Amino acid sequence: MTEKKQPTFEENLTTLEQIVTQLEQGDVPLEEALAQFKKGVDLSKTLQTTLQGAEKTLATMMNDNDQEQAFETPQGGSDNAD
């Protein structure tokens, strides 16, 4: 049995960009446009989940006892990047 390799984040992003470009051109039959739109929404959700996981990983670090702990916010900084 062969395993189907999951596409990487970059591959999914490239596919989503291609879908957006194709739909923006407007010369896609309606049925295909709807299918591409649905695929794009699914890819967008997958990419968002991956980014949230990466953000969570980057927001923690390992201490000397091999336990995860949150990074400290620099003095004068805030948790909000806005």
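Residues numbered from 1 in each chain as written. Predicted model: local features only at pLDDT ≥ 70, side-chain atom pairs only at ≥ 80, totals over all residues. Heavy atoms only, no water.

**Q** Would you mind going over the overall build of the protein with me for this structure?
**A** Regarding its fold elements, the protein presents two helices and two strands. Tracing the protein from N to C terminus, the helices and strands come up as α-α-β-β. Considering only residue pairs separated by 6 or more positions, the protein has 37% of its internal contacts joining residues 24 or more positions apart. (Helix = DSSP H or I, 4+ residues; strand = E, 2+ residues; numbered from the N terminus. Contact = heavy atoms within 4.5 Å.)

**Q** It is not clear to me how helix α2 (residues 30-58) should be interpreted in this structure. Could you clarify?
**A** Each α-helix turn comprises 3.6 residues. Residues three or four places apart therefore point the same way. Over its 29 residues, α2 extends 41 Å from the first C-alpha to the last, a length consistent with the 42 Å expected when each residue adds 1.5 Å. Residues of α2 that are buried: Ala33, Gln36, Gly40, Leu43 and Leu47. Its buried side turned inward, α2 meets α1 (9-25). (Expected span 1.5 Å × (residues − 1). Buried < 20%, exposed > 50% of the residue type's maximum accessible area, 1.4 Å probe, protein only.)

**Q** Could you clarify how one ought to interpret the confidence of the model for the protein in this entry?
**A** Detailed conclusions should not be drawn from predicted coordinates in areas where pLDDT is low. Confidence in the prediction of the protein, expressed as mean pLDDT, is 84, and 78% of residues score 70 or more. Per-element mean pLDDT across the protein ranges from 71 in strand β1 (residues 60-62) up to 96 in α1. (pLDDT = per-residue confidence, 0-100.)

**Q** What is the right way to look at the packing of α1 against α2 in this model?
**A** For the pair α1 and α2, interaxial distance at closest approach is 9 Å and the crossing angle is 145 degrees. For α1 against α2, the interelement crossing comes out left-handed. Residues Phe9, Asn12, Leu13, Thr15, Leu16, Ile19, Gln22 and Leu23 of α1 form the contact with α2, whose participating residues are Glu32, Ala33, Gln36, Phe37, Lys39, Gly40, Leu43, Ser44, Thr46, Leu47, Thr50 and Leu51. Of the residues assigned to the contact of α1 with α2, the class counts are 10 nonpolar, eight polar and two charged. (Axes fitted to C-alpha atoms, helices over the stretch in contact; angles between N-to-C directions. Left-handed = near helix turned anticlockwise from the far one by under 90°. Nonpolar A, V, L, I, M, F, W, Y, C, P; charged D, E, K, R; others polar.)

**Q** What is the right way to look at the environment of Ala33 in this model?
**A** Take Ala33: it is sitting in helix α2. Sequence separation of Ala33 and Leu23 is 10 residues, and the distance between their C-alpha atoms is 6.5 Å. Setting aside anything within four residues of it in sequence, one finds Ala33 in contact with Leu23 and Val28.

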